[in-house]
Amino acid sequence: MKYLKCNFSLILSFIFLSMGLQAGEQSAKADDMKTRYNSTSEWREEEDTIEGWDWSLPKWVKPSAKGFMRPDIWTLKENQVFNFQGNHLTEVVVSWRELEPIEGKYRFDVLERRISKALTKNPNTTLLIFIYGSLWKQHFKNGQIKQGNVPEWMAKYPWFKTKVYNWQNTTPLFRLENAEIYVPEFNQRYMKLLRSLGHTGLLKNQHIGPVFIKGVSGSLGEEHGEPSPTSENYKIWLERLDAWFDMMGDDKHKLVGGTTELPWADVISKKGGGTRSGFAEMYLLRMEDETLGQYLDEEGYLCVDESVPIIAEGRYSGDDNEEYIVGKHESRFGPSYHWPHRYHEASLRILQMRRNFVMRYNVSMNLNMANYVSLALGRTVEDTPDIWCYLRKSYLGDEKEKNEPKATRHYERWLYNRDSPGHTPIYSEKIKIPKKPTLWRAWSRNRHPDHYYDYTARKTDIASGNPAISFDVDNRWLSSSQTVYIKITYTDRGKGKIQLEYKDLQDKLHTRFVDCSDSGFIRTATFKVENINFNNQLGSGDNKIDFRILALGEDVTINFVRLVKAIQ
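Along each chain, numbering runs from 1 in the same order as the chain's sequence is written. With the structure being a predicted model, the display of local features is reserved for residues of pLDDT at least 70 and the display and counting of side-chain atom pairs for 80 or more, all residues being used for whole-chain, interface and lining totals. To obtain the side-chain values, all non-hydrogen atoms of the structure were included, while hydrogens and water were left out.

## A few points about the overall build of the chain
- For helices the rule is a DSSP run of H or I covering at least 4 residues; for strands it is a run of E covering at least 2, with both sets numbered from the N terminus onward. Scanning the chain for helices and strands turns up ten helices and 29 strands.
- In this description the radius of gyration comes from C-alpha coordinates, and the expected globular size is given by 2.2 Å times residues to the power 0.38. At 26 Å, the chain has a C-alpha radius of gyration in line with the 24 Å of a compact globule built from 568 residues.
- Across the chain, the fraction of contacts at a sequence separation of at least 24, relative to all contacts at a separation of at least 6, is 73%.
- For the chain, the exposed area adds up to about 25900 Å²; of that, 50% sits on carbon and sulfur atoms. Any two residues whose heavy atoms approach within 4.5 Å are treated as being in contact. Methods summary: accessible areas were calculated by the Shrake-Rupley approach with a probe of 1.4 Å, and residue burial reflects only the protein chains presented.

## Examining the side chain of Arg409
- Structurally, Arg409 can be placed in strand 19 (residues 406-413).
- For every residue, the accessible area (1.4 Å probe, protein chains only) is compared with the maximum for its type, and the residue is labelled buried under 20%, exposed over 50%, or partly exposed between those bounds. A relative accessible area of 11% places Arg409 in the buried class.
- Among the polar contacts made by the side chain of Arg409, one reaches the side chain of Asp419 at a distance of 3.0 Å.
- Beyond its immediate chain neighbours, meaning those up to four positions away, Arg409 contacts Glu299, Gly300, Tyr301, Leu302, Arg392, Lys393, Asp419, Tyr427 and Arg458. Each polar contact in these results corresponds to two N or O atoms within 3.5 Å; when the atoms are within protein, one needs to be able to donate a hydrogen and the other to accept it, and residues that are neighboring in sequence are counted only if both atoms are side-chain atoms.

## Comments concerning the environment of Trp237
- One can find Trp237 in helix 5 (residues 233-248).
- Taking the C-alpha atoms as reference, Trp237 lies 9.0 Å from Asn187; in sequence the two are 50 residues apart.
- When near neighbours in sequence (up to four residues on either side) are disregarded, Trp237 contacts Tyr182, Glu226, Pro227, Trp264, Val267 and Ile268.

## Some points on the nonpolar core
- Working definition of a nonpolar core: buried Ala, Val, Leu, Ile, Met, Phe, Trp, Tyr and Cys residues. They are joined through side-chain atoms within 4.5 Å. Counting 49 residues, the largest nonpolar core has Leu111, Phe186, Trp244 and Met247 as the members making the most contacts within it.
- Those elements that provide at least two residues to this core are strand 5 (89-95), helix 2 (96-99), helix 3 (109-121), strand 6 (126-132), helix 4 (184-200), strand 11 (208-212), helix 5 and helix 6 (264-270).
- For this core, the leading source of residues is helix 5, giving nine residues.
- Ignoring sequence-local partners within four residues, the contact set of Met247 consists of Ile131, Leu194, Leu197, Gly198, Leu203 and Val211.
- In terms of nonpolar packing, the next biggest core, distinct from the first, is built from 47 residues, Leu348, Ile350, Val363 and Leu377 among them.

## Remarks on the packing of aromatic side chains
- Only the six-membered ring of Trp is used, alongside the rings of Phe and Tyr, when aromatic pairs are assigned; centres must lie within 6.5 Å, and planes under 30 degrees apart are stacked while those over 60 apart are edge-to-face, with the rest tilted. Tallying each qualifying case throughout the model produces 33 aromatic pairs.
- Here the aromatic rings of Trp53 and Phe560 are separated by 5.7 Å at their centres, their planes lie at 65°, and the arrangement is edge-to-face. Placement of Trp53 in strand 3 (residues 53-54) and of Phe560 in strand 29 (residues 557-565) is noted, with a sequence separation of 507 residues between them.
- Within the aromatic cluster, the residues linked to one another by ring pairs are Tyr37, Trp53, Trp55, Tyr372, Trp388, Tyr390, Tyr411 and Phe560.
- We count a charge as sitting over a ring when the NZ of a lysine or the CZ of an arginine lies within 6 Å of the ring centre and within 35 degrees of the ring normal. Directly above the ring of Phe333 sits Arg342, whose terminal nitrogen or CZ lies 3.8 Å from the centroid.
- The lysine or arginine in question, Arg418, covers the ring of Tyr301, its NZ or CZ lying 3.8 Å from the ring centre.

## Examining helix 10 (residues 367-376)
- The buried fraction of helix 10 amounts to nine of the ten residues, a majority that puts the element mostly inside the structure.
- Along helix 10, the positions that sit buried rather than exposed are Asn368, Met369, Ala370, Asn371, Tyr372, Val373, Ser374, Leu375 and Ala376.
- Of the residues trailing helix 10, Gly378 is marked for its positive phi of about 80°.

## Digging into the state of the cysteines
- When two cysteine sulfur atoms lie within 2.5 Å, the pair is treated as a disulfide. Summed over the entire model, instances satisfying the criterion amount to zero disulfides.
- Note on Cys389: no disulfide assigned, nearest cysteine sulfur contributed by Cys303 at a separation of 11 Å.
- With no disulfide of its own, Cys516 lies 19 Å from the sulfur of Cys389, the closest cysteine sulfur.

## Quick notes on the sheet that holds strand 8 (residues 145-147)
- The four strands lie next to each other as 8-7-10-9, forming an open sheet whose pairing is antiparallel. Since the sheet does not close on itself, it has two edges, and those belong to strand 8 and strand 9 (162-165), each with one partner. Recorded for the sheet is a direction-independent mean angle of 20° between the axes of neighbouring strands.
- By the bridge criterion, three bridges tie strand 7 (residues 135-140) to strand 8 in an arrangement that is antiparallel. Only when DSSP finds a minimum of two bridges between them are two strands counted as paired. Note on geometry: axes are C-alpha line fits, over the in-contact stretch for helices, and angles between N-to-C directions span 0 to 180 degrees.

## A few points about the pattern of salt bridges
- A pair is scored as a salt bridge if a Lys or Arg side-chain nitrogen falls within 4 Å of a carboxyl oxygen belonging to Asp or Glu. Applying the stated criterion across every chain yields a total of 37 salt bridges.
- Where Asp246 meets Arg195, a salt bridge forms, and the shortest distance between an N and an O atom there is 2.9 Å. A residue pair is termed long-range when its members are at least 10 positions apart, and Asp246 in helix 5 and Arg195 in helix 4 qualify at 51 residues.
- Since its relative accessible area comes to 45%, Asp246 is described here as partly exposed.
- Between Arg392 and Glu345 there is a salt bridge, and its shortest N-O distance comes to 2.7 Å. Here Arg392, found in strand 18 (residues 386-396), pairs with Glu345, found in helix 9 (residues 339-352); they are 47 residues apart in sequence, far enough to count as distant.

## Remarks on the sheet that holds strand 26 (residues 509-515)
- The five strands are arranged 20-23-28-25-26 in an open sheet whose pairing can be described as antiparallel. At either end of the open sheet lies a strand with only one pairing partner, and these are strand 20 (415-416) and strand 26.
- Examined bridge by bridge, strand 25 (residues 497-503) and strand 26 share seven bridges and lie antiparallel to one another. In the sheet register, Ile498 faces strand 26, and the bridge partner there is Val514.

## Some details on helix 9
- To estimate how far a helix should reach, multiply one less than its number of residues by 1.5 Å. Given a rise of 1.5 Å per residue, 14 residues ought to cover 20 Å, and the 20 Å separating the end C-alpha atoms of helix 9 matches this to within 8%.
- A large share of helix 9 lies buried, amounting to 14 of its 14 residues.
- Arg354 lies just past helix 9 and shows a positive phi near 65°.

Structure follows, in structure tokens:
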């Protein structure tokens, strides 16, 4: 008995020790990840080398008139102060139940008051309009029931039907009971509501921005529910869509659909609407998306077709980057120590996709990056103050289909890196992605199951004859020679030199240097460059090289390169 007691004590000691080690390991990983994404947003006129990432922009930079963000200020911690610089979005939410509490008796004054209240609070805001109309009841696990968005009088009709959805978790806090929205009699009343609202002129307010086309879904957002084109309900979906566009009149371009999938997104696009997808947090989604102009070329580079209507016509193109709440989102995205990486990748992906609004954006994860994104949204190559290239790599695939891994390379925003003889660095700085099996498969969605990691840099390979990394500037960015700042974010490994090389307008070669000290930290070196020639002066034939980075002595590791205009 003493032996068993002794062993039981040892077992308990081992368990508590293991728990302590795990907690300590988690804390160490969290500190390491936070350090990795340290940053600044303070603009400096002079050349320097700083610790961390540099998200600064010159003081003359103002937000684009076509870029908007709804920052989640409520996520800020006690010691955080967020000086928001972007164009603010405000949600205005109303339900069909509120607009038509008695059949045939509309209360559009409810929406009018909410619009007025939002503008009184912030006269400079842009409004997002949500008109919900498919949720019947919300059933909570404790037995409580909350009335939804469909008018209560609807229940008197024998044709009114509902469907209970099991939400995305096996043991949800609640289940949703939605109306069957494609019942013809239900749809007729819904379309009458929309067209009647359109006749009031309320939605012609100049402060109104995106207006979301609502459907039905297993979540509270009512985002989807698009029926198959071969189903009987597809015709009714088209009728509902017509009612939304009729409601908006001449402001059809403000309508935003909830999908980028074909053929539904194509129908919305041909009518003049935009799109909001959500879930930028799953940053490997929509790598090949015709609606958004996203595609992979033959070498796996993630490219953008800017001729698609959503980009070429500047229609509303939105996303979210919100799910970083400790104690809530671990079930989808794994341990929170890893979230700074996810936030970083998602934020840059939003800009790579040429998004112009973010509906919900968690600002507390990285205040400096959040402000940078708010100033970068809605830009085109002609008006952007900066361009950049993120030298990353992941592998796409599907766990169920067990297909071959497909590489996806880089996030590029009008600055490009391509391989050529002597300029073929290797991918490095691997960040492991924690596997978290859930029904959502958040990390595994579009990620190959054998490649749970991201490469976040490229490293020169002197030994194989590749000491350089080359870059090509989009020729549309600068119409004439200007002073630019070249910011090179690198992982400080080895004790070699990073050499920046470029030619001026007189074809004279210039070189600039920064020393590595093998600290292992991420740093950003800033060079002020005058009269640089962006006419592929260092390349020949198909090898377009405007400037390059060379390794001297030892290989160097480059994460991110950004060019910033010195003057407007």
